[in-house]
Each structure stands twice: as C-alpha cells, then as structure tokens.
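# Structural characterization, general
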Amino acid sequence: MMNAIWLFLFCGGILAAVVTDRTALIFPSVLAGASDAVELCIGLAAFLGIWCGMLRLAECSGLMIKVSRLVAPLLRPLFPDLPKNHRAWAPMIMNVSSNLLGLGNAATPFGIKAMKALDEDNKEKGTATKEMITFLALNTSAVSLFPGMILGFRAEAGSIEPTAIIIPSLLASLCGLTASLLTAKILAKWGGKR
Amino acid sequence: MIAVLSALSVFIVPLLLLTIPVYAFYRGVSVYDEFIDGAREGLMLCLRLLPVLIAMMAATSVFIDGGGMNFLVRFFSPLCDLFGLPREVFPLAFIRPLSGTGSLGFTSQLIHAYGPDSLIGRFASVAQGSTETTFYVLSIYFGAVAVRRFRYALFVGLIGDTVAFAAAFILTKVFFY
C-alpha cells in the first residue's frame, strides 16, 4: 500500500510538473521536502530524548501504571481481545491522555512504545494487527480539547473570538473518531481474526 | 472552562517534568542513569524515523509544488460545488492527511487572506483542528515496528478524516450561521 502511495505522490508530482512546464522546480522541491524532514528530525531528537528519558523514569517508578488505572475504563471496550494486564495498556492510555490535552508531540513517544508492545504479540511480523489499527484510529482522529496552533493563528490574525472554534472542532473530531472506530470494527470482523 | 483548559495546557508539562523525577527518586529509582538510558532509546528511535520522513516529505513536497495537488483538486471541484463547500478550503482535505506543516501553512494563509471570522477562515480552522496528518501518523507508528502491510489502517484513518471534514463544515454552519 505504502509503495503505491509513495510512488503516486512522488512520480505524480514529477509528471504534473513536467506537464505544466515546471520541470525546473522538481529537484529543488524534492530537496526542500527532504531537508524539512531532517529539520523535523533534529527537533524531534531533542524532544524524544527528553520524553523517552522521562518515560523511562515514569515506568521504573510505577507511575505509569497508576495513571493508566484512571483512564483505562474508557479504552477497555475498544480492545476486547487484549489481555487486561498487557504491557501496551499503560503507554496507550498515556498516549490518548496526551492527545486529549493537545500535547500531540508528547503523545508520539507513548504511541510508539504502545505499538512496540502490541507488536510483541504479533504472529505475523510486518503486518498490522487489528489492535494496532484500532489504536491508530485513535491517533488519526485528533480528538483534542485544545488545538493550540490554530488558536494562535486566529488570535494573531486579529480574530474577535479566536477560541470559538474549540467546541465545533472537538465535536467534528469526535464524529471522525466514531466513523473510524466503526469502520475498524466492521473490517476487523470481515477480514477474519489475526 | 476555556480559561481552565488553557491554563491546564500551560502547566501540565512543567508539572509532569517535576513530578516524574521526584516520584521516581522517592521510589528509589536511580534517576540520572535511567533517564540517560531512556534518552538513548529516544535518539535511536529518531535515527530510525529519519529515512521514513525523508521519503514521505520529499514526495509530498514535489506533489504539491509540481501541481499534482492542483490536478487532484480540479478533479474534485464539481463535488465541492454540489455540497456548497468553499472551493478555497477544499485543498485542505488533501493536504491535511499528507503534511502537518503543509496544512498549517495553508490554513494560516486562508485565515490571513479571508479573515479569521469569515466562513472560509472558520471552516478552515475547525477542519484543521479536527483532522490529523493520517499518512504521517501511520508512517511514524508503523515505521517504528517495521510494519509494511497496513491492511485496512489507511482506509480507517481516511474515513475518519473525511467524516471529520464534512462534520467540520456542518458544525461551522450550525455554530456560526
């Protein structure tokens, strides 16, 4: 799947540029994208360094287990086949909590940890399990109580009510989440157990 | 409520940075050594992500700059007119799942060009806030565990984005007009 998407974007972009006579743009644009990635990664390195360090402390001290007990009941029904004491629960719950508070960047290391824990049970390495897909549905839904960046943009552009979009935005993302989870549920049944 | 939330999001990070090490020390964890071990893990992870990010972001960049995005938008503009969606915002539906920085840039341009309290400005804000960079999220999380067969994960993510985008338009109308 990723092969097709990547090829479509990359070669589609190049072909479109050739057709519209913007051939000179192609290489600079490819390089600009790649250097954006490098910049992002440098920022991410500092961030992941601090956060994974913190995560390690939270894990060693047993803090994660405490926190996860509070949010757990909300997530349990979404993963009926995951054992109650599975290692993935704590980081999954922390990931969802961070996303809710609008700490998108803080959520990433937790999410990756959760994916690794889920992958330990994966009988078919390299293929997504239904738990992974449900978990990612939570992450591709942007359910957030505080979309900070946009509020910043709006305030800076002189909006009379920069925060007025919070509630509609939260409701819209909940609609998206519901659709994602339902789709995942249906397709998991349809595709058989893995 | 909003004041509480914004105060919360300012204080939560410093609070975590303070509580976690203090609590760990209290529980007898060797904090300095464990922190360094964790940080090392984070850096290794970052190194593994870089090639994935280069591949995806280079492709997205040339797709937008080369005009592939324009073709895609033109192809869908009859659909746009059918539902009364502002055409100006529609490219966001395509950029958003592909590129977080790209869509932020696009949204901020719309807000500046049409005003933050216009239909376009509000719709773009709500849509940006309620959808995610699905491709990026999937490539980061699946990349970290070397999963290459996504099965129906992409479909699930994009369904969510599509529904959220449509809901954003309806809710903008309901809340503001």
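Being a predicted model, the structure only gives us computed values, none of them experimental. (Residues numbered from 1 in each chain as written. Chains lettered and ligands numbered in written order. Predicted model: local features only at pLDDT ≥ 70, side-chain atom pairs only at ≥ 80, totals over all residues. Heavy atoms only, no water.)

The next subject is the overall build of chain B. Looking only at helices and strands, chain B features 8 helices and 0 strands. The helix and strand sequence of chain B, counted from the amino end, reads α-α-α-α-α-α-α-α. The C-alpha radius of gyration of chain B comes to 21 Å, more than 25% above the 16 Å expected for a compact globule of 177 residues. Considering chain B as a whole, with its 177 residues, one finds that 51% of them fall into the buried category. Looking at chain B as shown, the accessible area adds up to about 8,400 Å², and 71% of this sits on carbon and sulfur atoms. (Helix = DSSP H or I, 4+ residues; strand = E, 2+ residues; numbered from the N terminus. Rg over C-alpha atoms; globule rule 2.2 N^0.38 Å. Buried < 20%, exposed > 50% of the residue type's maximum accessible area, 1.4 Å probe, protein only. Areas by Shrake-Rupley, 256 points an atom, 1.4 Å probe, with all protein chains shown as cover.)

Contacts between the two partners involve 100 residues from chain A, matched on the other side by 95 residues from chain B. With both chains or domains summed, chain A and chain B bury close to 8,400 Å², and 76% of this area falls on carbon and sulfur atoms. When the buried area of chain A at its contact with chain B is split by residue, A:L9, A:L57 and A:T140 rank highest and sum to 8% of it. Summed over the shared surface of chain A and chain B, the number is 6 salt bridges. Here B:E41 ties to A:K113 by a salt bridge, and the two come within 3.2 Å at their closest N and O atoms. Seen at the junction of chain A and chain B, the total is 24 residue pairs in polar contact (both at pLDDT 80 or more). Looking at the side of chain A that touches chain B, the elements that each hand over two or more residues are α1 (2-19), α2 (23-60), α3 (63-75), α5 (104-120), α6 (130-139), α7 (148-156) and α8 (166-190) of chain A. Residue contributions to the side of chain A that touches chain B peak at 24 residues, all from α2(A). Considering only residue class, the side of chain A that touches chain B consists of 61 nonpolar, 26 polar and 13 charged. (Contact = heavy atoms within 4.5 Å. Buried area = accessible area lost by both parts, 1.4 Å probe. Salt bridge = Lys/Arg side-chain N within 4 Å of Asp/Glu carboxyl O. Polar contact = N/O pair within 3.5 Å; in protein donor to acceptor, adjacent residues only side chain to side chain. Nonpolar A, V, L, I, M, F, W, Y, C, P; charged D, E, K, R; others polar.)

Another aspect to go through is the side chain of A:S180. Along the chain, the position of A:S180 falls in helix α8. For A:S180, the contacting residues outside a window of four places in its chain are A:A137, A:S141, B:V156, B:G157 and B:G160.

So, on to the nonpolar core. If you look at the biggest cluster of nonpolar residues, it comprises 93 residues, and the most contacted ones within it are A:F135 and B:F142. Among the elements that line this core, the one with the most residues is helix α2 (residues 31-65) of chain B, at 10 residues. Membership of the second largest hydrophobic core comes to 13 residues, among which are A:A58, A:A106, B:Y23 and B:A24. (Core = buried A, V, L, I, M, F, W, Y, C linked by side-chain atoms within 4.5 Å.)

Take the domain arrangement of chain B next. According to the domain assignment, chain B consists of domain 1 (1-47) and domain 2 (67-176). Here the C-alpha centroids of domain 1 of chain B and domain 2 of chain B sit 32 Å apart. (Domains from an automatic or database assignment.)

Our next topic: the side chain of B:S118. Residues and elements named next belong to chain B. Inspection of the secondary structure assignment puts S118 in the loop between α5 (100-114) and α6 (119-130). Here Y114 takes part through its backbone oxygen, which lies 3.0 Å from a polar atom of the side chain of S118. From its side chain, S118 meets the backbone nitrogen of G121 in a polar contact 3.0 Å long.

When the parts of a complex come together, some accessible area is lost, and that lost area is often taken as the interface size. Residue and element names in this part refer to chain A. Considered domain by domain, chain A is made up of domain 1 (1-17 + 24-61) and domain 2 (75-194). Between the C-alpha centres of domain 1 and domain 2 there is a distance of 20 Å. Counting residues at the interface gives 6 residues for domain 1 and 5 residues for domain 2. Of all residues in domain 1, the largest losses of buried area upon contact with domain 2 belong to F47, W51 and L55, amounting jointly to 64% of the total for that side. The tally of links between domain 1 and domain 2 comes to 0 salt bridges. Scanning the region where domain 1 abuts domain 2 turns up 0 residue pairs in polar contact (both at pLDDT 80 or more).

Before going further, it helps to examine the packing of helix α4 (residues 90-98) of chain B against helix α8 (residues 153-176) of chain B. The relative placement of two packed helices is expressed as an angle between their axes plus a distance between the axes. Residue and element names in this part refer to chain B. Following both chains from N to C, one finds α4 and α8 inclined at 150 degrees, their axes separated by 11 Å at the closest point. Taken together, the axis directions place α4 and α8 in an arrangement best described as roughly antiparallel. Taken as a pair, α4 and α8 cross one another with a handedness that is right-handed. Within the contact between the two elements, α4 uses F90, L92, A93 and P97 and α8 uses L158, D161 and F165. Tallied by class, the residues present in the contact of α4 with α8 amount to 6 nonpolar, no polar and 1 charged. (Axes fitted to C-alpha atoms, helices over the stretch in contact; angles between N-to-C directions. Parallel < 35°, antiparallel > 145°, perpendicular 65-115°, else oblique. Left-handed = near helix turned anticlockwise from the far one by under 90°.)

Turning our attention to the confidence of the model for chain A. Summary statistics for chain A give a mean pLDDT of 85 and a share of 92% for residues scoring 70 or more. Within chain A, α3(A) has the poorest average pLDDT of any element, 75, and α6(A) the best, 94. (pLDDT = per-residue confidence, 0-100.)

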